[in-house]
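As a plain string of letters, each chain reads:
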Amino acid sequence: MGAYDDDEHERRERKNGSVDADFDDDRRVYRGEMTYDAGDSAEDLLDQFREMQERST
């Protein structure tokens, strides 16, 4: 570890203490569609999980 640098510590404190709020904070509007496949039923997924557990032991 290097020596403690008081000037560097103060510079970092000033940098971290300031907040830049000048940026545009508007939310973007996204258009399109999203689809997903629900897949198997819950029981089928549980069966698959049990098979995976049996193989790993």
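Scroll up to find the structure this text is about.
Residues numbered from 1 in each chain as written. Predicted model: local features only at pLDDT ≥ 70, side-chain atom pairs only at ≥ 80, totals over all residues. Heavy atoms only, no water.

Draft legend 1. Fine view of the pattern of salt bridges. Taken as a whole, this structure holds five salt bridges when the rule is applied. For Asp47, the salt bridge goes to Arg50, with nearest N and O atoms at 3.1 Å. Remark: Arg50 and Asp47 occur in helix α2 (residues 42-56); sequence separation between them is three residues, near one turn of the helix. With a closest N to O distance of 3.6 Å, Glu51 and Arg55 form a salt bridge. Residue Glu51 and its partner Arg55 are both found in helix α2; the two are separated by four residues, about one turn of the helix. With relative accessibility at 43%, the residue Glu51 sits in the partly exposed group. Overall, the relative accessible area of 64% leaves Arg55 in the exposed class. (Salt bridge = Lys/Arg side-chain N within 4 Å of Asp/Glu carboxyl O. Helix = DSSP H or I, 4+ residues; strand = E, 2+ residues; numbered from the N terminus. Buried < 20%, exposed > 50% of the residue type's maximum accessible area, 1.4 Å probe, protein only.)

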